[in-house]
Amino acid sequence: MAIVGGCRVLDVRFLIPRVRTIRRWAVVGTALLAVVVGSPVAAAANYVPINGAGSTWSSNAINAWRVNVAQFGIPVNYTAVGSTTGRNEFRDGTVDWAASDIPYGLADGTNVDPPPMRGFAYLPDTAGGLSFMYNLTIGTRRVTNLRLSGPAIAGIFTGTITRWNDPAITADNPGLSLPAIRIVPVVRSDGAGATSQFTQWMVATQGPAWTAYCQAVGRSPCTQTAAYPVLPGSAMVAQAGDLGVAGFVSQSQAAGSIGFVEYSYALQTGFPVAKMLNAAGYYTAPTAGHVAVSLLKAQTNSNLTEDLSQVYTNPDPRTYPLSGYSYLIVPTATDARFTTAKGFTLADFGKYLLCQGQNQVDALGYSALPINLVQAGFDQLRRIPGANIPNINLSTCDNPTFSTDGTNTLANTDPFPPACDKQGTTQCNGDATPPGTGQETIQVGLGAVSSGSLTLTVSGTPVTMSTPTDIGTALDSTGSLSPVTVSDSRLPGEPGWDATGSVGDFTSGANTFSGNALGWTPAITTPDAANDVTSGGTVAPNNPGLGTTAALAAALAGHGAGTTVLGAGLDLRIPLGTPAGNYSATLTVTLLSK
């Protein structure tokens, strides 16, 4: 176990990726609680601030890494201004490093983005899926199981499909009676890697549709582009950054909208993403495992940039076609602004993100980099002036894709899609939101009473835990449960409900410690109007702990018509002497009618 600044270092993340129904009288939310014991970097006295800018695609991961390495004394600054601006700022020397989903030198119409005069290298940082986040309801029910084929997606974003009940979309969705409302496509207004990835896919797989659109908007030659051309007079809306696109689509007044964003942004808002038809005839979501399977077919150029042509046509049923990876752009020479001290700091930041940092990305909506890209990434880090990068040791590089034989474990263990997601006359329903979308709302009838219902909504936002302290008997870290919302429309005379929670053991390979190490103090952060919900009592870690079921909250009979937001303070006490590693456990939050 590493010692940094006089205490053992522990990084804790918390995510509730989905909820599902158990019979007709229970709603259950499962939570992944991940604990990383140990640190991949040693404490260093000579770190200096380094400044980066660029991709919004990667920014959720980069910002999480920045926060985590700060505890090691590594000061990293980052501004998410889009890939194009980031590349320009690196070329001009105004930032020390950049993040981009687009390499230098690509032809964008008649414009070519020249590489900088300063030496540089590409360092893979995040893998993920370009997702289609949407805001669509049928009556009062939010659609969570939308499916789209490539031609339907191309039609939506080139203006030939303008209504949600278009035959091309209804053919993808035989289980839905889609409304005849207008589609509002939402694209990026800035130079974006997401746009470049999307239009690259359009050029490769939807050529006639993209060519016709280029003609309509007066774009020649019709290449991929980082700046999406908006057709005048259309319903298309342009917003800055992934955050701007996700923010627009998630508005209550944006019904009928759909935009392309990195999957992480859909997770943050709790909105669903469309399942995309792959070459095997299955509709799949951009989950970490599906992206990992897809990228097994990615070709790597000599400079580590990507060739995704075989990803689009990968015949594995688990693939998500719009999968790819992004890069850091790092200097390979010093100049007046970039010193060896900055290089030392940047290289250690890169070492963290390639190893321990990859353990965080699945929960954020990305996919961990495979072993070949991590190994190549270490070669790139060694090119940074001032870097102190030893040969990679797979046993200490905390990456969930690694295995002793070099295979991608994330891809090997990824489940195949269900039969109801195969193209045809059936469609998955009810629990169709893919694992990892962060939020799912399910209504459950109460016994014989059909007029009342309960809805459980669980946030997918990771919890930030405090840096642990050695309290003599254990390593102690605290945090807060992601918000749990109960929407209650019970009528007078209907039974009450109980919300409970329990956690399994924490495991990392052959190592384990009891789930009883986790305790909580339940709280009602927003009471219902009738104020008839009471919180459960404090459960101390290890005395007895949450290894057995404990009460989160309870409601009386017959006083519904309200929304209650539940929370809990978390207290995790890891046994002293716990071996370093990634420890994970599943926390289950259950809502039951009495």
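Described in the following lines is the structure provided in the data block. (Residues numbered from 1 in each chain as written. Predicted model: local features only at pLDDT ≥ 70, side-chain atom pairs only at ≥ 80, totals over all residues. Heavy atoms only, no water.)

Considerations on the sheet that holds strand β21 (residues 323-331)
Selection rule: Should DSSP find at least two bridges between two strands, the strands are regarded as paired. In this description a helix means any DSSP run of H or I spanning at least four residues, a strand means any run of E spanning at least two, and both kinds are numbered starting from the N terminus. To get an axis, fit a line to the C-alpha atoms, keeping to the stretch in contact for a helix; angles then go from 0 to 180 degrees between the N-to-C directions. Should any heavy atoms of two residues lie within 4.5 Å, those residues are counted as being in contact.
Ordered by their spatial adjacency, 8 strands build an open sheet running β6-β5-β7-β21-β10-β16-β14-β15, and the pairing between neighbours is mixed. On the outer flanks of this sheet lie β6 (76-80) and β15 (237-239), each paired with one strand and no other. Between one strand and the next, the sheet's axes are offset by a mean angle of 25 degrees, whatever the strand orientation. Pairing between strand β5 (residues 50-54) and β6: 5 bridges, direction parallel. Considered in β6, the bridge of G52 is made with Y78. Those strands touched by helix α5 (residues 193-205) are β10 (120-134), β14 (184-188) and β16 (257-262), and its axis lies near 75 degrees from that of β10.

A look at the packing of helix α3 (residues 150-158) against α5
When two helices pack together, their arrangement is captured by the angle between the axes and the distance separating the axes. Rule in force here: Under this scheme an angle from 65 to 115 degrees is roughly perpendicular, one under 35 degrees roughly parallel, and one over 145 degrees roughly antiparallel; angles in between are oblique. By convention, the crossing between two helices is left-handed when the near helix turns anticlockwise from the far helix through less than a right angle, and right-handed when the turn is clockwise. The residue classification treats Ala, Val, Leu, Ile, Met, Phe, Trp, Tyr, Cys and Pro as nonpolar and Asp, Glu, Lys and Arg as charged. All others, Gly included, are polar.
Two elements in contact, α3 and α5, have axes whose closest approach is 11 Å; the angle formed by their N-to-C orientations is 120 degrees. Between α3 and α5, the angle falls in the class oblique. Seen along the crossing, α3 lies across α5 with a hand that is left-handed. Here G150, I153, A154, F157 and T158 of α3 lie close against α5, whose contacting residues are F198, W201 and M202. Along the lines of polarity and charge, the residues of the contact of α3 with α5 split into 6 nonpolar, 2 polar and no charged.

Structural notes on the side chain of S55
Inclusion rule: To sort residues, take the accessible area from a 1.4 Å probe on protein chains only and compare it with the maximum for the residue type: under 20% means buried, over 50% means exposed, and anything in between is partly exposed. Pairing of N or O atoms within 3.5 Å defines a polar contact, subject to two protein rules: one partner must be a possible hydrogen donor and the other a possible acceptor, and residues neighboring in sequence count only if both atoms are side-chain atoms.
Looking at where S55 falls in the secondary structure, it is placed in the loop between β5 and α1 (59-70). On the accessibility criterion, S55 (0% relative accessible area) is buried. At a separation of 3.0 Å, a polar atom in the side chain of S55 contacts the main-chain amide nitrogen of W57. Apart from the residues within four sequence positions on either side, S55 is in contact with Y78, A80, G82, S83, A99, S100, D101 and S326.

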